[in-house]
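Topology and contacts: notes
Here's the letter readout for the chains.
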Amino acid sequence: MKSLFLLPEFMVVLILGSYLLGVWVFKKTRIPFLHPLVVSVALIIGFLSFFELEYDDFMRGGKFLSFLLGPSVVALGYLLYEHLLHVKGNILSISTAIFVGSVVSILSVVTIAKLIGADETLLISLAPKSVTIPIAINISEHTGGIPSLTVVSVVICGILGGIVGPYILRLIGIESKIAKGLAMGAASHAIGTARAIEMGAVEGAISGLAIGLMGICTAVIIPLLLQIIQ
Amino acid sequence: MKIVEGVFFIFLFYFLGECISYLVDGFLPGSIIGMVLLFLSLHLKIINSSKVKATAQIITGNMMIFFIPAAVGLMTNFAFLRENWIPLLVACVFSTILVLVVVAVIQEKMEGGWRK
């Protein structure tokens, strides 16, 4: 029986099944913490531990899907192209805001974590936390972080920004639709964008643009900072 | 056929990205270089966006499937997470709010300046 669970095709069924279930749960409940990724990962880890299966067993099938992570990052280039079509003017302000936002994101998360006593592996894993997950995983792997911890931090930032983002923007008196969308995408990637789309079409499109720009900026700045430190 | 064409271009740019990554001694991951190359080729109209549109939309619309395996890797890092969850959580919370405020304020101020 257990040998059947070790078949790669079973693991693919497990992943796709959990994903579909996760999406269904989120659509039904609309509870931010029950994000489809959280639900599907919890289901899979629960299943694997119940049947005493290892991560390596899981990856016999998982590797076929995670191979497509790289191509999906490349495909984000298309979204960036599409989002940029909506932007008329404001190029200088948007690039300045995203560049500064990216530097602030990396430096603040690393500094705060270091002050509370995090070790170096955690610091490197946290650095890309404001970037969309596929790009964050690639940056984390590339710089020697632990990709799954990076995913945890990205999900926390996404869910948090999605919930409190609109209130904070109102609290500090932001009026520009571009500023609202840009901030939601820069701080909370796709989850922030989902919320920005509810705020309006301009906010949504700009937020999508922010995801791509933040990804590129962060991917360049982290190795630069690492070189300066070493 | 459109889908296959799109898959071809996406993998082509992924491969080109890996080639450049190799040339720059792995400064950036090949996938991210590939993403920038695809964006530039579309923006500069070197390739027509209709060639990759359908495929790119399917892939990006269901991306989560491709990073679930990496996220499940958390099961091998539970002990590490148990020891480090406080700095992780606190740093993420404060940093997220900071980024939100900084980006929004810069954009709002610069936009305002433009109008005057």
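Scroll up for the structure.
Residues numbered from 1 in each chain as written. Chains lettered and ligands numbered in written order. Predicted model: local features only at pLDDT ≥ 70, side-chain atom pairs only at ≥ 80, totals over all residues. Heavy atoms only, no water.

As a further point, take helix α10 (residues 177–199) of chain A. With 23 residues, α10 of chain A extends only 9 Å from end C-alpha to end C-alpha; this falls clearly short of the ideal 33 Å at 1.5 Å per step. Residue S176 of chain A occupies the N-cap position of α10 of chain A, its side-chain oxygen lying 3.2 Å from the main-chain nitrogen of I178 of chain A. (Helix = DSSP H or I, 4+ residues; strand = E, 2+ residues; numbered from the N terminus. Expected span 1.5 Å × (residues − 1). Polar contact = N/O pair within 3.5 Å; in protein donor to acceptor, adjacent residues only side chain to side chain.)

Where nonpolar side chains cluster on the molecular surface, the patch consists of L115 and I116 of chain A together with W85, I86 and L89 of chain B and spans about 510 Å² of accessible area. Ranked by residue count, the leading element in the nonpolar patch is helix α5 (residues 78–115) of chain B, at 3 residues. (Patch = residues over 30% accessible without salt bridge, like charges linked within 9 Å, V, L, I, M, F, W, Y side chains within 5 Å. Areas by Shrake-Rupley, 256 points an atom, 1.4 Å probe, with all protein chains shown as cover. Salt bridge = Lys/Arg side-chain N within 4 Å of Asp/Glu carboxyl O.)

In this section: the environment of E198 of chain A. Residue and element names in this part refer to chain A. Secondary-structure assignment places E198 in helix α10. Its relative accessible area of 61% is what places E198 among the exposed residues. Put simply, E198 and F26 are 172 residues apart on the chain and 16 Å apart in space, counted from C-alpha to C-alpha. (Buried < 20%, exposed > 50% of the residue type's maximum accessible area, 1.4 Å probe, protein only.)

Any two aromatic rings considered together are summarised by their centre-to-centre distance and by the angle between their planes. Residue and element names in this part refer to chain A. Counted according to the given criterion, the structure contains 11 aromatic pairs over all chains. Both rings, one in F5 and one in F47, keep their centres 5.3 Å apart while their planes meet at 75°; by these two values the pair is edge-to-face. Here F5 is found in helix α1 (residues 2–5), whereas its partner F47 is found in helix α3 (residues 36–50), with 42 residues between them in sequence. Judged by its relative accessible area of 11%, F5 is buried. An aromatic cluster is defined as three or more aromatic residues linked by ring pairs; in this entry it consists of F5, F10, F47, F50 and F51. (Phe/Tyr/Trp six-rings, centres within 6.5 Å; stacked < 30°, edge-to-face > 60°.)

Counted by the stated rule, this structure contains 0 disulfides over all chains. Of all cysteine sulfurs in the structure, the one in C157 of chain A sits closest to C92 of chain B, which takes part in no disulfide; the separation is 3.8 Å. A residue is classified by how much of its surface remains accessible, and C92 of chain B, at 0% relative accessible area, is buried. (Disulfide = S-S within 2.5 Å.)

With that settled, consider the interface of chain A and chain B. Between chain A and chain B, the residue contacts involve 100 residues of the former and 72 residues of the latter. Surface buried jointly by chain A and chain B totals about 7400 Å² across both partners, of which 83% is contributed by carbon and sulfur atoms. The largest share of the area that chain A buries against chain B comes from V74, Y78 and Y81 of chain A, three residues that together contribute 10% of it. Inspection of the region where chain A meets chain B yields 0 salt bridges. For the pair chain A and chain B, the number of links is 13 residue pairs in polar contact (both at pLDDT 80 or more). (Contact = heavy atoms within 4.5 Å. Buried area = accessible area lost by both parts, 1.4 Å probe.)

A few words now on the side chain of S125 of chain A. Residues and elements named next belong to chain A. With respect to the helices and strands, the residue S125 is situated in helix α7 (residues 120–126). A residue is classified by how much of its surface remains accessible, and S125, at 1% relative accessible area, is buried. Within the structure, S125 has its side chain in polar contact with the backbone oxygen of T121 (distance 2.7 Å). In this structure S125 touches S140, G145, I146, L149, T150 and S153, once residues within four positions along its chain are discounted.

Residue and element names in this part refer to chain A. Where helix α6 (residues 91–115) contacts helix α11 (residues 201–229), the axes come no closer than 9 Å and their chain directions differ by 50°. Compared by their axis directions, α6 and α11 come out oblique. In the packing of α6 onto α11, the handedness of the crossing is right-handed. Facing I94, I98, F99, G101, S102, V103, S105, I106 and L107 of α6, the residues of α11 in contact are I206, L209, A210, L213, M214, C217, T218, I221, I222 and L225. Broken down by class, the residue content of the contact of α6 with α11 amounts to 15 nonpolar, 4 polar and no charged. (Axes fitted to C-alpha atoms, helices over the stretch in contact; angles between N-to-C directions. Parallel < 35°, antiparallel > 145°, perpendicular 65-115°, else oblique. Left-handed = near helix turned anticlockwise from the far one by under 90°. Nonpolar A, V, L, I, M, F, W, Y, C, P; charged D, E, K, R; others polar.)

A pair of packed helices can be characterised by two numbers: the angle between their axes and the separation between those axes. Where helix α5 (residues 69–85) of chain A contacts helix α1 (residues 2–23) of chain B, the axes come no closer than 9 Å and their chain directions differ by 100°. For the element pair α5 of chain A / α1 of chain B, the angle class is roughly perpendicular. Within the contact between the two elements, α5 of chain A uses G70, P71, V74 and A75 of chain A and α1 of chain B uses I10, F11, F13 and Y14 of chain B. Across the contact of α5 of chain A with α1 of chain B, the residue classes tally to 7 nonpolar, 1 polar and no charged.

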